[in-house]
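# Survey of secondary and tertiary structure
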Amino acid sequence: MISSALRALLQRVESLCVLTGAGISAESGVPTFRGAEGLWSKFKPQELANFEAFKRNPELIWEWYNYRKKIIRETGPNPAHYALVRFEELVTDFTLVTQNVDNLHFRAGSKKVLELHGNIERNFCLDCRKDADNVDVSVDKKLPQCSFCGGLLRPAVVWFGEMLPAEIFEQAAEAARRCQLFLTIGTSAAVYPAAGLPLMALQHGAYVVEINTEKTDISHLVNEILSGKAGEILPELVKIIEESKQK
Ligand code: BV8
Ligand code: ZN
């Protein structure tokens, strides 16, 4: 149930920042990390999304990423992603920050996306660091090699213990500090420094709204909780903004 305060804010909002997590892609059929059906639930994300695991067993990690790429390629954006494309068109100062690496915001048509944790469709070489276009490990487990130096390629995603792209994170933090309204969507808010963004927004006086099917680590801190699916709630919020523009 959207409060009258949020309704009024949506009708006049000029600066809006959004943080998305795996939950926004759940309705596209992309498994989340920590949900019951979670990605390879026998492993913890930290056991797979880290460099030591990759050095120890690059075949397994490449198999995990190619498994995820296959799922992502067989699906597409859902109404939640498309609603954020409308926000970008309707709100003057709109910033979309994502922890997701699934490329679905771009595929939905979002122009500017701050990808804090990289993108599963990009790779780079461990030796010469050159970017590599998308490669899939073939079934005979041959590991993808750099076409320049023969080095081993890795996915261009941020693993646990690795730094986030500084410039991108700084832009996200600036948007969190200046926005009037901050939406945290489909994230368990368990991974830092991304999960610090809604807290920064709160500290700077933004109205922070959590959109999630469950409670999270920051539910007790936000101004308002919209319980439910992002694909159902976000189009409702877009409608409120659209109606206010027609007046
Ligand atoms: C860093 C990319 C500085 C790869 C990911 C010890 C040593 C080193 C670091 C740490 C440490 N202890 C803590 C840390 C910091 C660590 C961290 O935060 N750990 C946590 C687990 C405590 N962070 C880091 O390491 C970061 N780097 O700190 O660098 C540094 C450097 C060197 C030394 C020290 C410090 C890097 C973090 C980035 C890790 N990479 N992914 C890949 O994707 O393969 S993290 C991974 O988790 C994804 O990016 C994901 O986005 C992110 C968060 O998960 P969520 O998106 O929230 O997904 P989740 O499944 O958890 O939740 C889904 C939510 O959706 C649920 O709430 C569910 O209810 C909801 N939902 C489901 N369906 C719907 C829905 N909501 C709405 N609608 C629906 N339909
Ligand atoms: Zn190379």
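Look above for the structure.
Computed from a prediction, not measured in an experiment: that's the story for all the values here. (Residues numbered from 1 in each chain as written. Chains lettered and ligands numbered in written order. Predicted model: local features only at pLDDT ≥ 70, side-chain atom pairs only at ≥ 80, totals over all residues. Heavy atoms only, no water.)

### Section: the site of ligand 1
Cut-off, in case you're wondering: Note on terminology: near, applied to a residue and a molecule or strand, indicates that one of the residue's heavy atoms is within 4 Å of it. Residue exposure ignores everything except the shown protein chains as possible cover, and the areas themselves are Shrake-Rupley values with a 1.4 Å probe. Only protein atoms enter the 1 Å grid, on which a cavity is a set of points fitting a 1.4 Å probe that cannot get out and a pocket is an open set with protein on both sides within 12 Å along at least 5 of 7 lines, lining residues being those with an atom within 4 Å of a point. Being in a pocket or cavity means that more than half of the molecule's atoms lie within 2 Å of its grid points. Throughout this entry, Asp, Glu, Lys and Arg are counted as charged residues, while Ala, Val, Leu, Ile, Met, Phe, Trp, Tyr, Cys and Pro are counted as nonpolar. The remaining residues, Gly among them, count as polar.
Taken together, 36 residues are adjacent to ligand 1, and R34, Y65, R68, S188 and N212 come closest. Here ligand 1 has 1,500 Å² of accessible area as a free molecule, and 75% of this is covered by the chains. Judged by the fraction of its atoms near the pocket grid, ligand 1 is located in the largest pocket. Classifying every residue of the shell around ligand 1 by side-chain character gives 16 nonpolar, 14 polar and six charged.

### Side note on the sheet that holds strand β2 (residues 93-98)
Strand pairs in the sheet, formed through backbone hydrogen bonds, run parallel or antiparallel to each other. For the record, the criterion: Paired strands, as defined in this entry, are two strands with at least two bridges between them according to DSSP. Numbered from the N terminus, helices here are DSSP runs of H or I no shorter than four residues, and strands are runs of E no shorter than two. By definition, residues are in contact when any of their heavy atoms lie within 4.5 Å. Each axis is a line fitted through C-alpha atoms, taken for helices only over the stretch in contact, and angles between the N-to-C directions span 0 to 180 degrees.
Here six strands make up an open sheet; going across it, the order is β3-β2-β1-β7-β8-β9 and the pairing parallel. Bordering the open sheet on either side are β3 (114-115) and β9 (224-227), each of which pairs with just one other strand. Sheet analysis places strand β1 (residues 15-20) next to strand β7 (residues 181-185), joined by five bridges and oriented parallel. Residue T20 lies in a different strand from β7, and its bridge partner there is I185. Most of the contacts of helix α1 (residues 4-12) go to strand β8 (residues 207-212), to which it runs at about 110 degrees, and overall it touches β7, β8 and β9. Its contacts with the sheet place helix α5 (residues 79-90) against β1, β2 and β7, and it is angled at close to 150 degrees to β2.

### Structural notes on the coordination of the zinc ion (ligand 2)
Here is the rule: A donor here means any N, O or S atom no more than 2.8 Å from the metal (3.2 Å for Na, K and Ca); water is not included, so a site may seem to lack partners. Under the classification used here, a metal with four donors is tetrahedral if each angle lies between 85 and 135 degrees, square planar if opposite donors are over 155 degrees apart and the others between 65 and 115, a six-donor metal meeting that same test is octahedral, and anything else is irregular. Using a 1.4 Å probe on the protein chains alone, a residue whose accessible area is under 20% of its type maximum counts as buried, one over 50% counts as exposed, and one in between counts as partly exposed.
Of the protein atoms, only C125 (SG), C128 (SG), C146 (SG) and C149 (SG) coordinate the zinc ion (ligand 2), at distances of 2.2 to 2.3 Å. What the four donor atoms of the zinc ion (ligand 2) show is an angle range of 101 to 121 degrees at the metal, which sorts the shape as tetrahedral. Counting the intervening residues between successive donors of the zinc ion (ligand 2) yields the motif C-x2-C-x17-C-x2-C. With C125 in strand β4 (residues 118-125) and C149 in the loop between β5 (131-132) and β6 (153-157), this pair connects stretches of sequence that are 24 residues apart. Overall, the relative accessible area of 39% leaves C149 in the partly exposed class.

### Quick word on the packing of α5 against helix α9 (residues 230-246)
Our working definition: Comment on the angle field: the value is read as roughly parallel under 35 degrees, roughly antiparallel over 145, roughly perpendicular from 65 to 115, and oblique elsewhere. We call a crossing left-handed when the near helix sits turned anticlockwise from the far one by less than a right angle, and right-handed when that turn is clockwise.
At a minimum axis separation of 8 Å, α5 and α9 run at an interaxial angle of 25 degrees. With respect to their mutual orientation, α5 and α9 come out roughly parallel. With respect to the hand of their crossing, α5 and α9 are arranged in left-handed fashion. Here P79, A80, A83, L84, R86, F87 and L90 of α5 come into contact with α9, specifically with A230, G231, L234, P235, L237, V238, I241, E242 and K245.

### A look at the sheet that holds β4
The strand order across the open sheet built from three strands is β5-β4-β6, with neighbouring strands paired in antiparallel fashion. At either end of the open sheet lies a strand with only one pairing partner, and these are β5 and β6. Pairing of β4 with β5 involves two bridges; the strand directions are antiparallel. Each bridged residue has a counterpart across the sheet, and for F124 the counterpart in β5 is D131. Lying on the sheet, helix α4 (residues 58-73) is in contact with β4 and β6; it crosses β4 at an angle near 140 degrees.

### Considerations on empty space enclosed by the protein
This is how it is decided: Grid points are joined across faces, edges and corners, and a volume is the space filled by probe spheres set on the points.
Evaluation of the coordinates by the stated rule reveals one cavity of 30 Å³ or more. One number sums up the size of the largest cavity: a volume of about 30 Å³. Together, T98, N100, D102, N103, L104, H105, F106, V113 and E115 line the largest cavity. Here the lining of the largest cavity gets three residues from one element, more than from any other, and that element is helix α6 (residues 104-108). The class makeup of the residues in the lining of the largest cavity is three nonpolar, four polar and two charged.

### Regarding the pattern of salt bridges
In plain terms, the rule: Criterion for a salt bridge: a side-chain nitrogen of Lys or Arg within 4 Å of a carboxyl oxygen of Asp or Glu.
Per the stated rule, a full pass over the model turns up nine salt bridges. A salt bridge links E89 to R86; the shortest N-O distance between them is 2.6 Å. A residue pair is termed a helical-turn pair when its members lie 3 or 4 positions apart in one helix, as E89 and R86 do in helix α5 at three residues. For R86, the salt bridge is made with E242, and the minimal N-O distance between the two is 2.9 Å.

### A short note on the environment of I225
In this structure, I225 sits in strand β9. Between the C-alpha atoms of I225 and I211, which are 14 residues apart in sequence, the distance is 6.1 Å. Apart from residues lying up to four places away in sequence, I225 is in contact with E210, K215 and S219.

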